[in-house]
Amino acid sequence: MIPFNIRHLGLRTKLALIVSVIIGLISIFIFVYFPQRHREQEMEGTAARAKSIAVMTAFNVGAAILFDDTTTIHEAFGAARENKDLMYIIVQDKQGVILASYSGDKVSLGHSHVSVAEDFISEEEEFYQSSVPVLHRGEELGKVIIGISLQQLNEEVRSVRMAIGALSALIFLAGIVIAYWTSTWITTPLRLIAHTAQQISAGDISKRAPEISQDEVGKMARAFNVMVDNLETVNRELESRVRERTSQLQFQSERLAVFSQTGQALNSAATPLDAARIIADVADRLFGWDACTIDYYSHGSIFPVLNIDTINDVRTDVPATLVNRPPTERMQRIIEKGAEIICRAPGEGFPRNVVPFGDTQRPSMSLMFAPIKSGEKVTGILSIQSYRQDAYKDDDLKTLQSLADYCGGALERIQNTDALRTSEKKYRDIVEFAPVGIYQFGKDGTIVSANSEMSRILGYSSVEELIRCGMEQLYFDVNDSERLIDILERNGSAQNVEIRWKKKDGSPVWIELASHAIEDEQEKALCFEGFVKDISPRKKADEALKESLAFQRAIFEGSRDAVFIAADNSAFVSVNEAACQLTGYSKEELLSMRIPDLHDEADLDAYDQFHDRIMGGEQILSEASIRRKDGTKVETEFNNTRIFIGGVPFMHTTARDSTERQKAQSHIVFQARLLDAVEEAVIATDHDGRIVFWNSFARKLYGWEEADVLGKNLIEAIPSPDGRSRAGEIAKRLLSGGSWSGEMVVHRRDGTSFPAQVADSPILEEGGGLIGMVSVSVDISERKALETQFLRAQRLESLGTLAGGIAHDLNNVLGPIMLTFDILRQDIGEGKYKKLLENAESSTLRGKNIVSQILMFARGNQGERGPIQSKHIIKEVLGIIGETFPRNIEIKSDILKDLPPLNADATQIHQVIMNLCVNARDAMPNGGVLTLKAQNFEVDEQFEKLHISAKRGRYVLLSISDTGTGIPSEIIDRIFDPFFTTKGAGKGTGLGLSTVHAVVKNHGGFVDVKSEPEHGSTFRVFLPALEGDEPPFQRKEVEIEWNGKGHTILVVDDEETVREVTKQSLETFGYEVLTAEDGVAAVVNFSLNRERISAVVTDVMMPLMDGIALTRALRRMEPNLKIIAVSGMLPESYVHILENMGVDAILSKPFTSRDLMKALGDALLI
Amino acid sequence: MNAIPTLRSSVLKVVAMLSIMVALMQPVEAQEVLVPSNIQLALVDKILSFDRAVSRSGDQVIVIGIVYQKEYRKSVTEKDDLLKASEAGGRGRIQMIPIEVNGSGDNLQSSVPDEVTVLYVMPLRWFNLDIITSLSRSRRILTVTGVSEYVHAGVALGFSVKDERPQILINLRAARAEGADFSSKLLNIAKVIQ
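Residues numbered from 1 in each chain as written. Chains lettered and ligands numbered in written order. Predicted model: local features only at pLDDT ≥ 70, side-chain atom pairs only at ≥ 80, totals over all residues. Heavy atoms only, no water.

Participant: What am I meant to see in the overall build of chain A here?
Facilitator: From N to C terminus, chain A includes 32 helices and 38 strands. Counting only residues that meet the buried cut, chain A has 42% of its 1166 residues in that class. Pairs at least 24 residues apart make up 58% of the contacts formed inside chain A by residues separated by at least 6 positions. (Helix = DSSP H or I, 4+ residues; strand = E, 2+ residues; numbered from the N terminus. Buried < 20%, exposed > 50% of the residue type's maximum accessible area, 1.4 Å probe, protein only. Contact = heavy atoms within 4.5 Å.)

Participant: Before we go on, may I ask you to explain the packing of helix 2 (residues 37-50) of chain B against helix 4 (residues 73-89) of chain B in this structure?
Facilitator: When two helices pack together, their arrangement is given by the angle between the helix axes and by the axis-to-axis distance. All names here are of chain B. Between helix 2 and helix 4, the shortest axis-to-axis distance is 8 Å and the interhelical angle comes to 60°. With respect to helix 4, the axis of helix 2 lies oblique. When the axes of helix 2 and helix 4 are compared, the crossing they make is right-handed. Where helix 2 abuts helix 4, its residues S37, N38 and L41 lie against E78, D81, L82, A85 and S86. (Axes fitted to C-alpha atoms, helices over the stretch in contact; angles between N-to-C directions. Parallel < 35°, antiparallel > 145°, perpendicular 65-115°, else oblique. Left-handed = near helix turned anticlockwise from the far one by under 90°.)

Participant: When you look at the packing of aromatic side chains in this model, what are you seeing that I'm missing?
Facilitator: Geometry of an aromatic ring pair is reported as the spacing of the ring centres plus the angle between the planes. Residue and element names in this part refer to chain A. Enumeration over the complete set of coordinates arrives at 22 aromatic pairs over all chains. With centroids separated by 6.0 Å and ring planes inclined at 5°, the aromatic side chains of W181 and W185 adopt a geometry described as stacked. Residue W181 and its partner W185 are located together in helix 4 (residues 151-202), separated by 4 residues, close to a single helical turn. Look at W181 and you get exposed, because its relative accessible area is 57%. By relative accessible area, W185 is classed as exposed at 57%. Ring geometry for Y955 against F1022: centres 6.5 Å apart, planes inclined by 85°, an arrangement best described as edge-to-face. Here Y955 is found in strand 31 (residues 953-962), whereas its partner F1022 is found in strand 33 (residues 1016-1024), with 67 residues between them in sequence. Taken individually, Y955 and F1022 each receive the classification buried, so the pair is uniform in this respect. Ring pairs connect the aromatic residues Y439, F441, Y475, W501 and F528, which therefore count as one cluster. (Phe/Tyr/Trp six-rings, centres within 6.5 Å; stacked < 30°, edge-to-face > 60°.)

Participant: Would you take a moment to explain the sheet that holds strand 9 (residues 340-343) of chain A for this structure?
Facilitator: Within a sheet, neighbouring strands are paired by backbone hydrogen bonds and run either parallel or antiparallel to one another. Residue and element names in this part refer to chain A. Here we have 6 strands laid out as an open sheet, ordered 8-7-6-11-10-9, and antiparallel in their pairing. Whereas interior strands pair on both sides, the edge strands pair on one side only; in this sheet they are strand 8 (314-317) and strand 9. For this sheet the average axis-to-axis angle between neighbouring strands, irrespective of direction, equals 15°. The pairing of strand 7 (residues 301-311) with strand 8 spans 4 bridges and is classified as antiparallel. By the bridge assignment for strand 8, I311 is matched with V314. Against the sheet, helix 6 (residues 272-286) contacts strand 6 (291-298), strand 7, strand 8 and strand 11 (377-386), and its axis sits at roughly 50° relative to strand 7. Strands strand 6, strand 7, strand 9, strand 10 (366-374) and strand 11 of the sheet are contacted by helix 7 (residues 329-337), whose axis makes an angle of about 50° with strand 10. (Pairing = 2+ DSSP bridges.)

Participant: Would you mind going over the packing of helix 24 (residues 870-884) of chain A against helix 25 (residues 906-922) of chain A with me for this structure?
Facilitator: All names here are of chain A. One can describe the packing of helix 24 onto helix 25 by two numbers: an axis separation of 10 Å at closest approach and a directional angle of 45°. With respect to helix 25, the axis of helix 24 lies oblique. The handedness of the crossing between helix 24 and helix 25 comes out as right-handed. On helix 25, the residues that touch I873, I874, E876, V877, I880 and I881 of helix 24 are A906, I909, H910, I913, M914 and C917.

Printed below as a string of structure tokens:
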């Protein structure tokens, strides 16, 4: 806390004080800092010295500690002791054992000396201890602890501090003196300036500040003096102005007083004339006058208010010379340019452009005119005149203008008030007697004022009663008030607002309201006022009309038919929504169009007449197409009439899109034709079974025309024993709502019958009751025939499988027998048993052929196939039958030259043709004609459907026809069955046609037969044509004699008989033969004799190890070994496997020696 | 026929005994002296200045007895070299006295004069060094040798070569037993064998 207020001190004192303080602080700083700094430095030095002593000692005692050389340690102490400040030295080893120590007088060493690791200063700063480790070759051996006395240091520091303290005090004292002297020296000019300023402020403005220096203070003194000089000058001027102004103010004050009084008087003035008199009186008091005029100026015209002239020394109101007239030139000048003072010269009369008033003989010598203004607008002219010369001065004019300005607003106000009063009365009467309710309402919606009509509308007896009502008494919905106020506040006004209010009796009244807001200066609504009109009657009428119109509109718009109303000029005046949908145009677009715009030019030829007829009162139904907006056309039917609206004729047209109707009609026609187009008989009957519909296919199928059967019962029209027997079942099914389908034999009109697939379905009404039946029937004769063919083929295949099995076993039986013949032939020679042998061989061969035929039938017995030309085979057959058939059989042929080749077994095809020819011969025991044909045939889709085995493509058709006995129909299905024959016992095997069938089927073809008892039969063989060139001519084989000498053959067969016979047969031809009973034995035998064995003949079907496995094993052992496979009946897959394995030949049992020799010869190339 | 085996057995016995003796006696085989004699002598002079016992004794002259074997050439040679070095070095305060020792060493006690303060051990063959060291310890005589192995065997001070420079070897226990008080400064620069 400062015990005095420094602000009250003088500048010199402040400056001296501040400088002293600063110096004091510096002194204190010096006194504190430097001794401290000195002490720190000394302490650092002491610490460094102690450290160095310790380090040196540690260095010296390192080895001594290591070697327990205490002498050296003590010697080291001696060096350290040269430091007089040394208090103690301690050398201790690593374990802390003191090895040597030295301590000066008055020093007792204790644990505290050795226990502290870091360097430190003792508490009382008596000594400084430093310790360093004793290192010897990097290993710490112990520690050296040095204690250095700080006594000398402290004393030194103390003395230094004292010196510095004295110095600081000295500096401080000197500083004070200097501060005082400096502050005095600096502040004296300022003080002088301040003193001068005081004198001047005391009033002695003549005083000036001494300019005793050239520095800033001196400059300030000079500037101060200049300022004072200026001030003196200004003061003098100011005084004169003040005096002047004072007089002016005094004058103005007096004038203001007068004006104030005038203002009060004017406030009480009721009329402009009263106000004018007051002004004139004031002017008189201010200036004195002999004449005074006050005129209003409004809208370019002068309206006198007051005209006073002094006539015979009496002030008299005189009439104005200008009333509602444009201002004079002088007036105009005053209005435009402002106040004017005119001082006439003596003897000067009235100016020419002045209209005198009052005493017209005596012109005024001094005149003053001042415009009276309201704001910037001149509202009048104030004029005072005096008969005296130079009665007025310029100041007077100013005063007059002031008076005019002061009074201008008041005058206008008075005038306005007067006008307002007049106007107010006028409008009050208007409001009061207005035929509409006029009212004001506040922002809360309540009525604050209203006229009588308002109260009458709402059923109140008086306005006062109405005003007392709250909003809930006026509005059915209080929100209506808030909405209205909101509209008014936002928009400032509301027009034609219809609101439902409540009358006094609570009944509703519709009012139409127009209101606006009364706003304050910030354009905020203060309240609202407006007009209301009772529109309840009109509302009722509107409601009724609205309902009527709505009803009519609903009918108009809701009509599904388009309605167009057009004027006499064909322009649309009204259209409904359906019209828009029909045409695609919007209402607005249609209303800008005319009737012809909706039609093409081509349709408008007869429009004018059409229009005239309608407008003439005729109603016309028509059909035409309308062009929609999108360009499409729509077929439309129209109903056009004339109507009157408000006495004016219009064309009224309803239109309907007839597209759907036409479509429906077309659809019906189409459906009818559709039913006629189907290839099924569609017959519809009514509930009683009478025919109501008979399509064209029914006519074709049954032979009855529609007219013949319509109305007849179905059973009568289509007799059917099956139908009659099933009628009950069918009826029951239909009555239950179900359908019936099945096969039955039906009769045509001509009595013929055919199998038909019939499907009967009920026709039900919406309620589910049966109202009729529809029957669909189709001829299934062909399907039945195909089914028969299929069953026949299945039967043949089963028989073939059975026969094949039997044939296979027979082959095994015949095989050895046939091989034996060759052996026996050589032994028998030409003896008597040769014939027997030949007969036996012949029979055996026959047996083989029979078996082959059975196999052919069963498996097709695929032989060698290749491209062959059937015409060659036919020619060959023709050659044979020409030579061998009876002469009473005529043989004809018709062979196409460009027959395509076949991929077939020539032998088999030969067999087929021969069999058929033989059959044909047998069918003509009394002779006849046998015809062979060969032609191309193309199987198409239709043919394919009728023949189960036919495939689309090219075929060669071989036809063998006879004119024999024919084949009875009851057996024709069985002629291809094996062993089926009509010939007597022993005259046929019954395998011929079955073989034909099997071979043809195996070649991918098919056979059909047509036969008529007593007229003959025709067999047609269809064989698939091979695409390509005619096959080359095949060379005939040449017989070769084989000799197997030098070759050893291994024969493998599980049947001993076959093995032995084959062996003997081969030995006959010079082979050496080894045998094996199965595949395993064969492998063993081959491995033992592989060098000798040239070929292996092996049966394929063997137990344990079959021929395929044996072949595989032998191939591994000897890849080039010749192998011949033998089997009675090999599946095709086995054949492929053996061929892929590279067997040299595959022989079918039973085979001849020649077959075997040829195969071996080909394989061994011998 | 029996004599030869007898002679053989005798010889064998002798050899066995000698072997045992060798094993028991810690025989000192002849060793190399790596540092030249003059350098050894100079180092001995310097080293003795670090021996406070010597300085305490105040002796002006240091008498060094050179122990050698006249039967062993190397010993004699080294002895002669050392004498020559002593004479050439002009070290007035060192006086050399050769002391011949027999094979058993039993004449050593009587051969070493009382004024000898240092025994300089030459390379010896088949000699029990303990005879010398026990004498030196009893009589507080410092033993010095140029054979570095002898230091390990109990001689107090010896010399070897390290990095082609002579290295002082001090058997500190032996030295202290012989009354030497070497300064740690010397010990610091020597190789001290504890």
